[in-house]
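Residue-level structural notes
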Amino acid sequence: MGFPLSIKTGFATHATLGTAMALVLSTPLFAQSATTPIAGEEGLNDIVVTAQKRESTAQKTAAAIAVYTSDQLKKSGVADVASLATISPSVNIGASSGASFIAIRGVASRDFTEIGDPAIAVSIDDIYIQRPTGINAGFYDLERIEVLNGPQGTLYGRNATGGAVNILTKKPSDKFEGYILGDIGNYKTINVDGAVNVPLSDTVSARASFVSRYNKGYRDNGPAGRGDDTDVQGGRLQLLFKPTDRLKILLSADQMYLGGTGAVYDGVPLRSVGGVVTTRPKTSAHAATHFDLNTVGKFDTTNTRLVGRLDYDLDVATVTSITGFMRQDLFYKWDNDGQAVVSVQPNRNFIFTRDELSKDFSQELRIASNNKSGFLWQGGVFYFREDLDLTNLFDVQPAATPINIREYHYNVITKSYAAFAQVGYDIVDALRLSAGIRYTHDSKHRSGPSFVQASPATLPVAAGGTGVRIFSVDNTKDSWSKVTWHVGADYTLSPRNLLYAKVDSGYKSGGFNNFGLGSYDPETLIAYEVGSKNRFLDNALQLNASAFLYNYKDQQISQLDGATGNTLIVNAGKAEIYGAEVEAVALATPADQVNVSVSYLHARFKDFCTARSAAGVCTSSFAGNTLIQSPTWSINAGYQHVFSIFGGDLTARVQTQYRSDQWMSFFNRATEKQKAYTRTDLSLEYSPDGAAWSIQGYVRNLENSVVLTEAAQSGLYNAIRSTYAPPRTYGVRLNYKW
């Protein structure tokens, strides 16, 4: 759980912290969730969510869901998907080549190739985001973010094997209001975002939002200047029409530019003693922020989105149509080996360039009953198409002129069709049964030429500047179909206590590797989950928990082939995942709030063979290894106190996270291990009584912990190729509302 729930001034229950914690420890396990406001009720607030594609509150939603409001996200400094992990214990974030990857409960995908799909479905205002480089495009002027743990195969469909992240922007309203938020900090950080909402008539409202973020770069890369920087500008315009009491039409357009040098790799040279590699990932903050590169990176990407939503109330049900279009024009060039010592290793000056243009179109049409009890139903159809053109270059540059090793010129068309339905029925007032089903058909087609040097181990420079290039034309296509489903039951013990049990299935479509290196199958997952959501002590204590067991088959594993530099996708036969999550939020006094979230995760491969003999005997097995980015223990905790002084409220806040050891590849090698770490944030905010402004000072990552987002041992680069989360940052933030 991240930044705390709001505290209402009328709250009168003075439960001591000791009493609250004793009750937490003596209560049985129940399910991860978050907050919501119910007018007139004191204590912890409630948040209305749409995670199941109909309005409910988080505490009454029979699923493991965490919800973070706009205020929580701003005060916790969550400005992109990567920082979401700092407040959500079940979420871990990886990165590769400028793309962010989300892992939930050990389920993740690190495949950023043109054929790859995410394992966590990310959507902005119900529009699915296919490209992992595009998922940061909506992180400003938000209403909330919903994180759903576990497969969402019925309502969300494709590529939601591990869960879903819903990013909901603030919508136009009938009030004239707005805000502007700015902060300055170290690394020459200057961030500004704001919005203005204007009612144009009784039936039309408009909202305009903007964002600008800049820092000079967290990494000093010597000859290559600064790396891992931020240079973002964006804007969004929304129009809401309500021509009748029954009809709502929302039109939205936004564009975001992402520039600078982009994320950078740090190639830590491999050293061996007696044939055993002794090199380990960096743990020194200075070493992780100071390393030389010899190629200046360039990141130049523009994302454009158009969204149209129509809701029509038929009394008995509401019809919803959601149409989305996204265009991403991406150019990214980076130092692929993460090193600068060309004289010692002349073949280690590698450069990779991605030049891609993708166009995504999606359409969902659904109808859902309006009743809140009795027989609830919804159903719909979904269509998605992506058209991607790319030119990718892999070069080595021993002198002034780069020498090409591989290049791809592909067109990739991805299509998906689906139909779904879900029902719920109240057997008695307190007991509800639910069931759902979805049929999905996916297809992928890649065409175009590619060039590859015949022997990557003997680079052109090593052969006197000559080399044999092999030309080939790809025309690969495949398709897959799958039925996914849901069954569940929930029991309302009281208005503030819910028990639930459910089984869900998930599916992610298959694909094919480059250069005829084989195809891979879809991955599937069946998840069993039980849990409960509770409020105690006159709404002063929230205690939720869940326990889960996953049967994971054919997980798609992405790994860098250290000998050739190729990224390969293979299927792991079986994996077993189980664990539990407990969340507690307590109002110890009207001025004190404590939140603690603990997640235990066991994630192991049960059957994972990567090579077999001619007789079919496995000669390379990784059974028993831990899944990527699956720490056994994840803990988030926070404490807040409000001082009523200086004619206003002075709010002091500390929040910290702990992650136990985790592996960044399925090899589970020491060279690719993230050791256990803590990361602590501090903030102090002053809000004058009756004023429209507030000011906050903050420190993030107080320990200056080195947190890996990628680590891969490479024989081609003779290094551990690593990327890192941001180091310690600090600054001052000013917020003004009207």
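Residues numbered from 1 in each chain as written. Predicted model: local features only at pLDDT ≥ 70, side-chain atom pairs only at ≥ 80, totals over all residues. Heavy atoms only, no water.

**Digging into the pattern of salt bridges**
Counted only if it meets this: Salt bridges are identified by distance alone: a Lys or Arg side-chain nitrogen within 4 Å of an Asp or Glu carboxyl oxygen. Helix and strand assignments come from DSSP, with helices taken as H or I runs of at least 4 residues and strands as E runs of at least 2, each series counted from the N terminus. Only protein chains enter the accessibility calculation, which uses a 1.4 Å probe. A residue is then buried if its area is under 20% of the maximum for its type, exposed if over 50%, and partly exposed in between.
Following the criterion strictly, the structure yields 29 salt bridges and no others. With a closest N to O distance of 2.9 Å, R246 and D315 form a salt bridge. One end of the pair, R246, is in the loop between β15 (230-241) and β16 (247-258); the other, D315, is in the loop between β20 (298-313) and β21 (317-335), with 69 residues separating them in the sequence. For D315, a relative accessible area of 53% corresponds to the exposed category. Three or more residues joined by partner-sharing salt bridges are found here, namely K53, E364 and R366.

**Quick word on the environment of P269**
Filter applied, for reference: Throughout, a contact is declared for two residues whenever any of their heavy atoms are within 4.5 Å.
Its location among the elements puts P269 in strand β17 (residues 266-269). Separated by 452 residues in sequence, P269 and R721 have C-alpha atoms that sit 8.7 Å apart. Not counting residues up to four positions away in its chain, the partners in contact with P269 are T279, Q339, N718 and A719.

**Let's talk about the packing of aromatic side chains**
Rules: Stacked, tilted and edge-to-face are the three classes assigned to paired rings of Phe, Tyr and Trp, where Trp is represented by its six-membered ring and a pair needs centres within 6.5 Å; plane angles under 30 degrees give stacked, over 60 edge-to-face, the rest tilted. Whether a charge sits over a ring depends on NZ of Lys or CZ of Arg being within 6 Å of the ring centre and within 35 degrees of the ring normal.
For the coordinates displayed, the defined rule picks out 23 aromatic pairs. Considering the side-chain rings of F350 and F394, the 5.5 Å spacing of their centres and the 25° angle between planes classify their relative orientation as stacked. Highlighted residues: F350 in strand β22 (residues 350-369) and F394 in strand β23 (residues 375-396), separated in sequence by 44 residues. Of the residues examined, F350 reaches a relative accessible area of 0% and is grouped as buried. Residue F394 is classed as buried on the basis of its relative accessible area of 2%. Aromatic pair F622 and F667: ring centres 5.3 Å apart, planes at 80°, arrangement edge-to-face. Note that F622 is positioned in the loop between β35 (618-621) and β36 (633-645) and F667 in the loop between β38 (662-663) and β39 (673-674), a separation of 45 residues in sequence. Residue classification places F622 among the buried residues on the basis of a relative accessible area of 13%. The side chain of K74 reaches across the aromatic face of Y179, ending 3.7 Å from its centre. R446 extends its terminal NZ or CZ atom over the ring of Y410, reaching a point 4.9 Å from the ring centre.

**Comments concerning the nonpolar core**
This is how the line gets drawn: To form a nonpolar core, buried Ala, Val, Leu, Ile, Met, Phe, Trp, Tyr and Cys residues must be joined to one another through side-chain atoms within 4.5 Å.
Among the nonpolar cores identified, the biggest contains 27 residues, and M256, F350, F394 and Y717 are the most heavily contacted of them. Secondary structure elements with two or more residues in this core: β16, β21, β22, β23 and β24 (403-426). By size, the runner-up hydrophobic cluster in this structure holds 24 residues, among which are V91, I129, L142 and V147.

**Focus: a positive patch on the surface**
Heads up, the condition is: Surface patches are defined over residues having more than 30% relative accessible area and no salt bridge, joining like charges when they lie within 9 Å and nonpolar side chains (Val, Leu, Ile, Met, Phe, Trp, Tyr) when within 5 Å. All accessible-area figures derive from a Shrake-Rupley calculation using a 1.4 Å probe, and residue coverage is judged against the displayed protein chains alone. Asp and Glu count as negative and Lys and Arg as positive, but His and the ends of the chain are not part of the count. Charge positions come from single atoms, namely NZ of Lys, CZ of Arg, CG of Asp or CD of Glu.
Taken together, the side chains of K482, K553, K574 and K606 make up a positively charged region of the molecular surface. The residue K553 is located in strand β31 (residues 541-560) in this model. Take K553: its relative accessible area is 36%, and that puts it in the partly exposed class.

**Notes on the sheet that holds strand β3 (residues 65-69)**
Paired through their backbone hydrogen bonds, the strands of a sheet run either parallel or antiparallel. For the record, the criterion: Each pair of strands is called paired provided DSSP finds at least two bridges between the two strands.
Read from one edge of the open sheet, five strands run β3-β8-β9-β6-β7, paired in mixed fashion. The sheet terminates laterally at β3 and β7 (127-128), the two strands that pair on one side only. Pairing of strand β8 (residues 142-149) with strand β9 (residues 163-169), which is carried by seven bridges, proceeds in the antiparallel orientation. When the sheet's bridge partners are listed, V147 is paired in β9 with V165.

**Digging into unusual backbone geometry**
Positive phi is not limited to glycine here, since D126 has a value of about 70°. For D126, the location among the structural elements is in the loop between β6 (120-124) and β7. Overall, D126 belongs to the partly exposed group, its relative accessible area being 29%. Of note in the backbone geometry, Q629 takes a positive phi value of approximately 50° without being a glycine. Of note, Q629 is situated in the loop between β35 and β36. Exposure remark for Q629: the relative accessible area of 4% places this residue in the buried category.

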